[in-house]
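Reading the structure
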Amino acid sequence: MTLTPTRAVDVRVRRLTTTLYGYSFLEEFVLLYPVYALLFSDTGLSVWQISSLFALWSVTAVVLEVPSGAWADAVSRRLLLVVGPLLTGAGFALWILLPSYAAFAVGFVLWGTGGALCSGALEALVYDELERGGASGRYARVLGRARAAGLVAVMAAMGLAGPVLAWGGHAAVGTASVLVCLLTSVTALRFPEHRVARAEERQGWGGALRAGLGEAGRDRSVRGALLLVPAVAAVWGALDEYTPLLVREAGVADVAVPWVLLVIWGGATAGSLLAGEGERFGSGGLALLLGGGGLALAVGAVAGTVAGLLLVAVAFGAFQAATVLAEARLQHRIESTGRATLTSVAGLGTEVVTLTVFAGYAVIASGHGHGAAFAVSAVPYVVLAVGLGAVRWGRAA
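Bear in mind that the values here come from a model prediction, so they are computed numbers and not experimental data.

A count of helices and strands for the protein gives 16 helices and zero strands. Each of the 397 residues in the protein was classed as buried or not, and the buried ones make up 54%. Put simply, the protein shows about 16000 Å² of open surface, and 68% of that area lies on carbon and sulfur atoms.

Here you go:
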């Protein structure tokens, strides 16, 4: 049977999206995710030590984020998606074999490096391949579904982490996580990649970096989109690392922590699936998501009860939808030159803000508890919502 051009394009787009959804699922189907903060605490680490590990993770990403994005523009993006999970798996193996502050630190460096290699490369590959198939308008919907697949994987890992932890301890949870990283790497080999590097990208890493940064310097709309991504994504992304401790503070037993986290990430998954529909509401809708999410987060965290955690789930859903919309806005504004580089610049901004959140969180949580730290972290979202609303109102006037 001979495929028509339209049919052939649909087949290519379907292969891209199914591979993306599978990759996104496996990338997050890590049983260590819901319990590694507990592993650190059980090893004897203090809140400050745990926060320093998260900070080291972010510092690694800060140092490597933009260089890895430029590298993705200069070489194969698919190659980086294959290598990244292997480094992450090596870090997890260290945690289980040599549980100590030093091993945790090295593991976070490996994880940060693997994440930096994939950050920017994945979004750029997907957008360019969709554009090649005439389907770039589907990007927000596809990205939202991919993020939802990842969140479903997080929830599945949360559901399994408790029983596996009870059965085989942290060693069993860690071994399963390493195996999933290997499978993620194999899945990345299925990604199509037909990009032809432009002249400036063929000049190597330096040329790709100059091309990407040059576009941001020339285009005000690109700069605005670059700033919006970290403003939306950084704070709640940092809070993610502390949610097990917030749940424990609410009186939940350790073996039940993953089940409560399942509810929170159910909210985030719903937000991700609805993100594609949110594009039509523009900046006003984004402001409502951020403001409503900020209020829900503050009230739910201060409540200090399991019921209050339902509001945290609503907040995470709003923030997840807003993050997808902000990232889609950035991709639509970038020309094909330097796409991975500029996506990584946005990732760099996110990591820098995340570092600040980690430091502030440690100060607040050490003196006032995790609920207070979550509530204070909601303030930037309310401020950002007011700012976006003011800009929209000013343009309408």
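Taking 1.5 Å per residue as the helical rise, helix α3 (residues 47-74) with its 28 residues ought to reach 40 Å, and the 40 Å between its terminal C-alpha atoms agrees with that figure. At L64, α3 shows its strongest bend, of approximately 40°, with the proline P67 following within four residues.

Turning to the pattern of salt bridges, a few remarks are in order. Applying the stated criterion to the full structure yields three salt bridges. A salt bridge links D128 to R77; the shortest N-O distance between them is 2.7 Å. Of the two residues, D128 sits in helix α6 (residues 121-132) while R77 sits in helix α4 (residues 77-97), which places them 51 residues apart along the sequence. Summarising the burial analysis for this pair, D128 and R77 share the class buried. A salt bridge links E123 to R147, with the shortest nitrogen-to-oxygen separation between them at 3.6 Å. With E123 in helix α6 and R147 in helix α7 (residues 139-188), the pair connects residues that are 24 residues apart, well separated along the chain. Within this structure, E123, R147 and E327 form a network of salt bridges that share partners.

Let us look at the side chain of T343. Within the secondary structure, T343 sits in helix α14 (residues 339-368). A distance of 2.8 Å separates polar atoms of two side chains, one belonging to T343 and the other to Q331.

Our focus in this paragraph is the packing of α6 against α7. Taken N-terminus to C-terminus, the directions of α6 and α7 make an angle of 140°; their axes are 11 Å apart at the nearest point. Compared by their axis directions, α6 and α7 come out oblique. Relative to α7, the crossing made by α6 is right-handed. Contacts from E123, V126, Y127 and L130 in α6 reach Y139, V142 and R147 in α7. Residue composition of the contact of α6 with α7, grouped by class: five nonpolar, no polar and two charged.

With 87 residues, the main nonpolar core has Y36, F40, W265, L290 and F316 as its most contacted residues. A total of 13 residues in this core trace back to one element, the largest contributor, which is α7. Those residues in contact with W265, other than ones at most four positions away along the chain, are L151, V154, M155, M158, W236, D240 and F316. Judged by nonpolar contacts, the second largest core, of 30 residues, contains L125, V126, A135 and A328.

Reading guide: rules and limits
Residues numbered from 1 in each chain as written. Predicted model: local features only at pLDDT ≥ 70, side-chain atom pairs only at ≥ 80, totals over all residues. Heavy atoms only, no water. Helix = DSSP H or I, 4+ residues; strand = E, 2+ residues; numbered from the N terminus. Buried < 20%, exposed > 50% of the residue type's maximum accessible area, 1.4 Å probe, protein only. Areas by Shrake-Rupley, 256 points an atom, 1.4 Å probe, with all protein chains shown as cover. Expected span 1.5 Å × (residues − 1). Bend = angle between axes of the 7 residues up to and from the residue. Salt bridge = Lys/Arg side-chain N within 4 Å of Asp/Glu carboxyl O. Polar contact = N/O pair within 3.5 Å; in protein donor to acceptor, adjacent residues only side chain to side chain. Axes fitted to C-alpha atoms, helices over the stretch in contact; angles between N-to-C directions. Parallel < 35°, antiparallel > 145°, perpendicular 65-115°, else oblique. Left-handed = near helix turned anticlockwise from the far one by under 90°. Contact = heavy atoms within 4.5 Å. Nonpolar A, V, L, I, M, F, W, Y, C, P; charged D, E, K, R; others polar. Core = buried A, V, L, I, M, F, W, Y, C linked by side-chain atoms within 4.5 Å.

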